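The lines below spell out each chain.
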Amino acid sequence: MPTGIRPVTDARQRQMAHPQVQAWWQALDCGFAPVADVFEECLDEALSSFSRAQMEAYIEAARFIGKLGRGPEPLLAFLEEWPAVAAAASGDQEPLLPQVMGAIRAMQKSPNSAAITPFLQTLAAVAKRLQSAEQIELYIDIALNLMVRTSASIHGHHTTFPSPGLPAFLEQAPRLLGLLSTAGLRNWTEFGIRNYGSHPERQVEFFSLKSADSHAVLQRERHGTLFADVERSLDLYLRALWRDSDLLVPYSTAFDELRQPVPYFDKLGMRVPDVFDDAHGPAGIVSGLNRYRAVLAHMVGHRRWSTAQIADNWSPFQRMAVEFFEDCRIETLLIREYPGLRRIFLALHPQPRQDACDAETTSCLRHRLAMLSRALLDPGHGYTDPVLLDFVRRFHALLSASESSTAEIAALALAYVAKTRRPSDQLATIHFDDTVIDYRDDNRQLWKFIEEGDEEQAFDAERKLEPGEALRGLPPRRYPEWDDASQTYRPDWVSVYEALHASGNAADIDRLLQKHAALAKHLKRLLDLLKPQDKVRIRYQEEGSDLDLDIALGSLIDFKSGATPDPRINMSHRTDGRDISVLLLLDLSESLNEKVAGAGNASGQTVLELSQEAVSLLAWAIDCLGDPFAIAGFHSNTRHEVRYQHIKGFSERWDDTVKARLAAMSAGWSTRMGAALRHAGHYLAARQADKKILLLLTDGEPADVDVAEPGHLRADARKAVEELSARGVDTFCLSLDPKADDYVRGIFGKRHLVLDRVEQLPERLPLLYMSLTR
């Protein structure tokens, strides 16, 4: 007998005095004492709602579960939870029970039998969320699909290892269905299966809601009005109606069940929820967009009319009362400016019943303040309490002649506290029903404290670095990645870390240019033909390309006569007829360290060294043309670490500083091309130019160590090229891979060139640039 399981004694059986109870117990045929202890109570609940046929099906299903060999826990879960499941499914268990039992049999026949208990334990909570047999059946299908596709097999025929993520998914299911529709839940699980099906630890993290990817996909699939979809509309609403342009910052409401955050504002911006569902109340439905508008209007009112009060000597009760009164003053002033807001505020404001709180056993403090708040805003509130009506009259008298002030309202609130204080306000049990007004902020801006303590924290205090703590550079920039299988983006999937490239010896680049002096001379003749003739002189420069003779002679005369000479004796030129910006993006993956094949490479040059020569010549050529250009390199080590290194910026000159970075160029890791293209396009798209060219130099197809499917990164790179094209950036690829014809056209279309003889790169790269910019 398993440890901890007591047999049912004859004495316990005799306690089941009712013959009907004994008959059902006999039919259950169970020997678990923990089940016998609660069987009568479970039976009472079932008998109150089930017919005779339903009872027989209920007991037969329980009997089957008790014989599975999983101990008393699955049976207890079923007996206790099934009546609630049937009630949530409109009391009709007939179509649903076979589905549930089928799922239990499937788990029992597989290595996933341990998941039966969490499946049954959470089924009632899931059913309460879904409220229909059809939706519950969809949920069961999703769970079984997850089980089948993530259970592992050694030989490929029979599953041997259980699904790592299934128990975690079942435990999180009630919470997930509070945030997602069943369609959203299916998409969320599909993402986890596709991306973590072969990685047990990360699969558990995903389905336990412990990974950033899990949170990001959950946010994408949530129902309601997403802040991201209405951000522009809300920003225009703030500017047009309230003449306020502060930054809007969303916060997540999905991952803190114990203490939900509320709206607030500080010096960094106005904080609002990332999603709002439509609100259903007695006055009708308030859309998510109107809920956002109510939140922002309330915060704008505080910013416009509220002043901080010193709160050191006020009790929490007094501060709460002041907040309720001040919130009502602000909303009254807002309604004066835009009367239509009254309808939205009243639709969102709870309407507590006057007799809902028992003052003998419960603290009714919040209940009284919520009633007062409703009465201050709603002329037809219907309350009859004389004290409440007196303070409603005094409130409106205070605001009848002017806007009043926070200090005057605080005095009225303190008078209300003195008038209505009761001994029961100190009780631990507090009445919360119909007292939460969720469109109001947390009023942190309403208080200031002379002495800081545990209760009075400075919300906006700037965090100081601890001794020895150093700044660790720029945070990563996260980009989505296209999932071609599902035709959706994986949100915030790739982390790109950017830095300035390390420096080497600039003289090495000068030697490379000298090595190709004959080619440079030939290129110079071609460049002179391309160079626009409509140059504009920029005079009075301390540093420049030419000497301004007029200014130089004047400065010499001043110097000879003892006056202070003007040092701005140089001039430079800018092109007035060629408006092009170019970014050269270099693939710096490990394969560049391979030696160039072919008889022409007697010196044993690597592809990286040949690329250095070609890039040096191209940079010299572009500098001669006067086109603004930048150079960057990239490589990757999984999606969590894509390194993007700046070699030359658009505002930098082609000088020894840039040459030193180019000389130190090194190769390693892999080629996650899509993220690098998006990051380079981020800089190039911001340029003010008629023509923007992103020139990619690579020696292979997109690949990374954490991607098993080769087509995935190709599809993502193709999507990145399409995104850049929509932003006005023209992408061209020069590939050094002789086999690139198999894939490069699918990524770049006709905008590519495959160089079969890599040793020709120093000559072909500058010529390619000239043809692209002609």
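We now turn to the structure provided with this report. (Residues numbered from 1 in each chain as written. Predicted model: local features only at pLDDT ≥ 70, side-chain atom pairs only at ≥ 80, totals over all residues. Heavy atoms only, no water.)

Some thoughts on the sheet that holds strand E11 (residues 488-500)
So, point 1. Across the sheet, which stays open at both edges, the 8 strands sit in the order E10-E11-E17-E16-E15-E18-E19-E20 with mixed pairing between neighbours. Strand pairing shows two members of the sheet lacking a second neighbour, strand E10 (477-483) and strand E20 (752-754), which therefore form its edges. Sheet twist, expressed as the average angle between the axes of neighbouring strands with direction ignored, equals 25 degrees.
So, point 2. Pairing analysis gives 6 bridges linking strand E15 (residues 580-587) to strand E16 (residues 629-636), with the strands arranged parallel. Residue Leu584 lies in a different strand from E16, and its bridge partner there is Ile631.
So, point 3. Where helix H24 (residues 607-625) meets the sheet, it contacts E15, E16 and strand E18 (691-698), and its direction lies at approximately 155 degrees from that of E16. (Pairing = 2+ DSSP bridges. Helix = DSSP H or I, 4+ residues; strand = E, 2+ residues; numbered from the N terminus. Axes fitted to C-alpha atoms, helices over the stretch in contact; angles between N-to-C directions. Contact = heavy atoms within 4.5 Å.)

Things to note about the nonpolar core
So, point 1. Formed by 107 residues in total, the largest nonpolar core has its most connected members in Trp82, Phe119, Tyr139, Phe169, Trp188 and Leu585.
So, point 2. Counting residues per element, this core draws most heavily on helix H5 (residues 72-88), which supplies 10 residues.
So, point 3. Looking at which domains feed residues into this core, each of domain 1 (11-221) and domain 3 (506-529 + 579-773) gives three or more.
So, point 4. What Trp188 contacts, discounting residues up to four positions off in sequence, is Phe169, Leu176, Leu180, Phe206, Phe207, Leu209, Ser214, Val217 and Leu218.
So, point 5. Formed by 62 residues, the second largest nonpolar core is a distinct cluster that contains Phe317, Leu341, Ala347 and Tyr416. (Core = buried A, V, L, I, M, F, W, Y, C linked by side-chain atoms within 4.5 Å. Buried < 20%, exposed > 50% of the residue type's maximum accessible area, 1.4 Å probe, protein only. Domains from an automatic or database assignment.)

Some details on the state of the cysteines
So, point 1. Going through the model one piece at a time under the given rule, you end up with 1 disulfide.
So, point 2. For Cys357, the disulfide goes to Cys364, at an S-S distance of 1.9 Å. Disulfide Cys357-Cys364: the torsion about the S-S bond is -90 degrees, which places it as left-handed.
So, point 3. Cys357 sits in the buried class, given a relative accessible area of 14%.
So, point 4. With a relative accessible area of 3%, Cys364 lands in the buried category.
So, point 5. Note on Cys30: no disulfide assigned, nearest cysteine sulfur contributed by Cys42 at a separation of 11 Å.
So, point 6. Of all cysteine sulfurs, the one in Cys357 lies closest to Cys328, which takes part in no disulfide; the gap is 19 Å. (Disulfide = S-S within 2.5 Å.)

As for the sheet that holds strand E2 (residues 248-251)
So, point 1. Pairing is mixed in the open sheet, where 3 strands are placed in the order E2-E4-E3. Where the open sheet ends on each side, the last strands, each with one partner, are E2 and strand E3 (264-266). The average angle at which neighbouring strand axes cross in this sheet is 30 degrees, direction not considered.
So, point 2. Here E2 runs beside strand E4 (residues 269-273); their pairing, made up of 4 bridges, is parallel. By the bridge assignment, Pro250 is partnered in E4 with Val272.
So, point 3. Those strands touched by helix H14 (residues 227-242) are E2 and E4, and its axis lies near 150 degrees from that of E2.
So, point 4. Its contacts with the sheet place helix H15 (residues 288-305) against E2, E3 and E4, and it is angled at close to 150 degrees to E4.

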